[in-house]
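Fold and contact review
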Amino acid sequence: FVEFLAVEEQPPHWFCCHWWGEPIKNFILCIEAHLHLRQMPGSEIEWVYWVDAFANRQHSLDEELVKDPAQRSFFKAMQLAIGVLLILDRNATPLTRIWCIYEVYVALTSGSGSSRLLLDMATTTDLGAHVLTDGLTDPEQKIERRPGGVDGLRLKLHREMAFPSEV
């Protein structure tokens, strides 16, 4: 699908970990909220999210059936990304799916220090999309560095209080 929309290769910035049963509207709300938080305002770079259903050729999935998961396209996409966005429904269904668990495991164990993958989480409620970020966002880091400014960590904590605890 992506080959019809893109004129050149698009290495992913974020890998989407999700199950295929969430309403597409909620899925899009989560990505939009995440993009709003993570992409620097005024950035000329358009962030790319890797989504299995759109990135893989669904009619030729036999090519994906290899013994070593590190040879599959999703693993290769994760290695190019800066992080994984785990999209949860109200029941946290992805955490009951073995492939989603594996993707979270890869995110948590890949690299170290500044080269490790970030792991953000997003979900929706009747009030909209909510995002937990791994560390401060770029705008929060900028605020954190300002002398006498509002504390970036405090801003993050306030933002994340809206994330539903039942998820």
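What counts and what doesn't
Residues numbered from 1 in each chain as written. Predicted model: local features only at pLDDT ≥ 70, side-chain atom pairs only at ≥ 80, totals over all residues. Heavy atoms only, no water. Core = buried A, V, L, I, M, F, W, Y, C linked by side-chain atoms within 4.5 Å. Buried < 20%, exposed > 50% of the residue type's maximum accessible area, 1.4 Å probe, protein only. Contact = heavy atoms within 4.5 Å. Axes fitted to C-alpha atoms, helices over the stretch in contact; angles between N-to-C directions. Helix = DSSP H or I, 4+ residues; strand = E, 2+ residues; numbered from the N terminus. Parallel < 35°, antiparallel > 145°, perpendicular 65-115°, else oblique. Left-handed = near helix turned anticlockwise from the far one by under 90°. Salt bridge = Lys/Arg side-chain N within 4 Å of Asp/Glu carboxyl O. Pairing = 2+ DSSP bridges.

Turning to the nonpolar core, a few remarks are in order. Judged by nonpolar contacts, the single largest core of 19 residues is most densely connected at F15, C17, M78 and V84. If sequence neighbours within four positions are ignored, V84 has contacts with W14, F15, C17, M78, A107, L117, L118, L119 and D120. Listed in part, the 14 residues of the second largest apolar core include W14, F27, I31 and L37.

A separate point is the packing of helix 4 (residues 73-80) against helix 5 (residues 98-109). At their nearest, the axes of helix 4 and helix 5 sit 11 Å apart, and the two run at 30 degrees to each other. Taken as axis vectors, helix 4 and helix 5 run roughly parallel relative to one another. For the pair helix 4 and helix 5, the sense of crossing is right-handed. Along its contact with helix 4, which presents F74, F75, M78 and Q79, the element helix 5 presents W99, Y102, E103, V106 and A107.

Once that is clear, we can look at the pattern of salt bridges. Considering all chains together, one arrives at 6 salt bridges under this definition. Residue D120 is joined to R38 by a salt bridge in which the shortest nitrogen-to-oxygen separation is 2.8 Å. Of the two residues, D120 is situated in strand 4 (residues 118-125) and R38 in helix 2 (residues 24-38); the sequence distance between them amounts to 82 residues. The same class applies to D120 as to R38, namely buried. Note that R116 is salt-bridged to D134, the shortest N-O span being 2.9 Å. One end of the pair, R116, is in the loop between helix 5 and strand 4; the other, D134, is in the loop between strand 5 (128-132) and helix 6 (138-145), and 18 residues separate them in sequence. Overlapping salt bridges, with partners in common, bring together E140, K156, R159 and E160 in one network.

Okay, the pairing of strand 1 (residues 14-17) next. Of the two faces of strand 1, the one lined by W14 and C16 and the one lined by F15 and C17 are each fully buried. Note: strand 1 against strand 2 (residues 49-50), 2 bridges, orientation parallel. Looking across to strand 2, one finds that F15 is bridged to W50. Taken together, the 4 bridges between strand 1 and strand 3 (residues 83-87) define a ladder with parallel strand orientation. Across the sheet, residue C16 finds its bridge partner in strand 3, namely L85.

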